[in-house]
Each structure stands twice: as C-alpha cells, then as structure tokens.
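# Chain and residue survey
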Amino acid sequence: MTKPEISFEFFPPKTLEASFRLWDTVQTLAPLEPRFVSVTYGAGGTTRELTRDAVATLHKSSGLPVAAHLTCVDASRQETLEIADTFARAGVQDIVALRGDPPSGQDRFEPHPEGFANSVELISALAETEMFNIRVGAYPDIHPEAQNARTDIDWLKAKLDAGADEALTQFFFEAETFFRFRDACEKAGIDKPIVPGILPIENWKGARNFAKRCGTRIPQWVEQAFEKAVRDDREDLLATALCTELCSDLIGGGVDKLHFYTLNRPELTRDVCFALGITPKADLQNVA
C-alpha cells in the first residue's frame, strides 16, 4: 500500500492543562513528518488570539509548517488582514481560509458591517497579498446551509478560482462518500487537490453530535457498531479499526494525502498512521 502524505489539525488551548496536552500531541505526532499542521478558530472567532499565539509558538518551537485558520467572523476587513499580516511576519506561509461559524446565540452567519461577506471575498484578498498558500473547506456531505450538493461544489469551485490552492474536506464515514464527491468535483472542472479529512473517533457520543451539527451522514451500520462497542468497552478498538479501513480504502482509490482532525488527542491518530505504515523516521546517527 502506498504511504500517503499526512497533515494534522489541532485546536488552541484555553487552559494551562490544555497547553500541556497540545504540546504532548505535537511531540507525539511530529516524528511522523506531516507536511503541515493547522490550528483552528473557535466558533464565532472566540479563540482568535489563542489561535494566533498557538500558531506563532508552534511555528517557532516545533519546526513544522503551520497553517493558521482565519475566518470572516466578527471582524472588519482591515482587522482580518492585519491578523493575516501578523501571521506572515511570524513566518507563517499557510492559511486555512473559512467563512466561520456564527457567534454563540446566532443561528446564521451575519457579516461584520465592514467585514468580508463570505469566504470567497476573504480568499481573494489573501491571494492578492501573494504571501500565503491558501487552503479551504469542502463538504462531501451537504453543508447544512447549502441548498443541495451542486451548490456545495459550485461554492468550492468559486473558492478555488478566487485563489485557494487546496481543499480539506469535512470528515465522513465511508470512502464512497469521498469518491462520489471527488468525481462530481472533477466533472465541475475542479482540478486542484481535494484532501479527505479524517476523524479518528475518540468518543462516539461527541463524534455523533458533531456529525449531526455539520451535516455529516452517519450510516446505520456505524451507529450499530459503536453502540455495541461502547456497551462492550471496545470503543477504541473499533475506532482504530474503522479509521484504518477508511484510510486504506481511500488510498486504494488513489488518495495520496490525508488530513487528520486530532482533537488534541494523538493516540488514535498515531495508531492509525502506524497501521498505514507511516512511522517515525529513524535517526541514523543514533543507531548503534
């Protein structure tokens, strides 16, 4: 089996304990040599400053290429581009550009009066700076706010045409979901890379709720398998097996890059990577 290139997503810590957990996560996964790691924004831009600090710290201390998330939420155009400039001055050359989730208490996204109306406007402005490699989100299952699957694909094409270099998908449960989406994107004239997003399931209840919020379809067989695994205290074993099988099916279908949503808990992600043959590189100078 061909070994894929990998990348990891982290979220910024809000407490001292969470800071240690993030650093442990980075230390565990960095030896797998990801092509980049990304740091998210909280819903409604609630972790904007934490994201900025985490990105700068990781870039400086880890030696890894770091991609900063940037959204349109609750900020003017000037403020948003100033944040981007801060990333650039810190040496960060990668941005994941997103519209962003609405702030707490709001049902729908409402642009800042002086802000970017949507992700396409944000991407266009970032592309004009010629300072960043820009990644965007994509949705193999229909986004909750999209009218239909074609709307999602048209919007993705608009983001890529605006200057984005690559798309990272929302997580999904079956490889066929991604393959159908990839084929539809190709028919729509999209020729830039679309990288599947992978969620190793640390907690089925949490993953199930997250899937429902973001519109990810949960196959009945997955529901039944996890219900039984939770009852038998074999949730981690099932999660590792299913995630490894999903990644293997994707690689068998021609996928050469995978993006893991780690939730700052590295063990399952590491175990899946090991199962795929992605292991830390040996340092020959330390080999007797």
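Residues numbered from 1 in each chain as written. Predicted model: local features only at pLDDT ≥ 70, side-chain atom pairs only at ≥ 80, totals over all residues. Heavy atoms only, no water.

Going by an unreviewed UniProt entry, the chain carries the name Methylenetetrahydrofolate reductase and comes from Ruegeria atlantica. Quoted verbatim from the Cofactor (unreviewed entry) heading of the UniProt record, the comment on the chain is "FAD". Taken from UniProt, the Catalytic activity (unreviewed entry) comment for the chain reads in full: "(6S)-5-methyl-5,6,7,8-tetrahydrofolate + NAD(+) = (6R)-5,10-methylene-5,6,7,8-tetrahydrofolate + NADH + H(+)". (UniProt positions renumbered as here; feature names shortened; annotations may be inferred.)

Another aspect to go through is the pattern of salt bridges. Scanning the entire structure with this criterion turns up 14 salt bridges. Taking the shortest distance from any N to any O, the salt bridge between Lys257 and Glu5 comes out at 3.6 Å. One end of the pair, Lys257, is in strand E8 (residues 257–261); the other, Glu5, is in strand E1 (residues 5–10), and 252 residues separate them in sequence. Assessed through its relative accessible area of 41%, Glu5 is described here as partly exposed. Taking the shortest distance from any N to any O, the salt bridge between Glu166 and Arg135 comes out at 2.7 Å. On the criterion of sequence distance, the pair formed by Glu166 in strand E6 (residues 166–171) and Arg135 in strand E5 (residues 133–138) is long-range, its members being 31 residues apart. Taken individually, Glu166 and Arg135 each receive the classification buried, so the pair is uniform in this respect. (Salt bridge = Lys/Arg side-chain N within 4 Å of Asp/Glu carboxyl O. Helix = DSSP H or I, 4+ residues; strand = E, 2+ residues; numbered from the N terminus. Buried < 20%, exposed > 50% of the residue type's maximum accessible area, 1.4 Å probe, protein only.)

Another point: a negative patch on the surface. Negative charge collects at one region of the surface, where Asp74, Glu79, Glu82 and Glu114 lie side by side. Along the chain, the position of Glu82 falls in helix H3 (residues 77–89). (Patch = residues over 30% accessible without salt bridge, like charges linked within 9 Å, V, L, I, M, F, W, Y side chains within 5 Å. Areas by Shrake-Rupley, 256 points an atom, 1.4 Å probe, with all protein chains shown as cover. Lys, Arg positive; Asp, Glu negative; His and termini not counted. Charge placed at Lys NZ, Arg CZ, Asp CG, Glu CD.)

Model confidence for the chain is summarised by a mean pLDDT of 90, while 92% of its residues fall at 70 or above. Scored below 50 in pLDDT, residues 283–288 shows 0 contacts in the model against residues more than four places distant or in partner chains. (pLDDT = per-residue confidence, 0-100. Contact = heavy atoms within 4.5 Å.)

Read around the closed barrel, 8 strands run E1-E2-E3-E4-E5-E6-E7-E8, paired in parallel fashion. For this sheet, the mean inter-axis angle between neighbouring strands, taken without regard to orientation, is 30 degrees. With 3 bridges joining them, E6 and strand E7 (residues 194–198) adopt parallel strand pairing. Looking at the pairing, Ala167 lines up with Ile194 of E7. In the packing of helix H5 (residues 149–161) onto the sheet, the strands contacted are E5, E6 and E7, and the crossing angle to E5 comes to about 175 degrees. (Pairing = 2+ DSSP bridges. Axes fitted to C-alpha atoms, helices over the stretch in contact; angles between N-to-C directions.)

A word on helix H8 (residues 220–231). Given a rise of 1.5 Å per residue, 12 residues ought to cover 16 Å, and the 17 Å separating the end C-alpha atoms of H8 matches this to within 8%. Val222, Glu223, Phe226 and Ala229 are the residues of H8 that are buried. Around the axis of H8, the buried residues are gathered within 135 degrees of arc, so they sit on the same side. Along H8, the residues that are exposed and aim more than 90 degrees away from the buried face are Gln220 and Arg231. Buried positions along H8 lie against helix H7 (204–214) and helix H9 (235–252). (Expected span 1.5 Å × (residues − 1). Arc of directions from axis to C-beta.)

Glancing now at the side chain of Asp152. Turning to its location among the elements, Asp152 is positioned in helix H5. Summary of buried charges: Asp152 has no salt-bridge partner, and the nearest side chain of opposite charge, Lys159, is 7.5 Å away. Dropping the residues within four chain positions of it, Asp152 is found in contact with Tyr139, Asp141, Ile142, His143 and Ala146.

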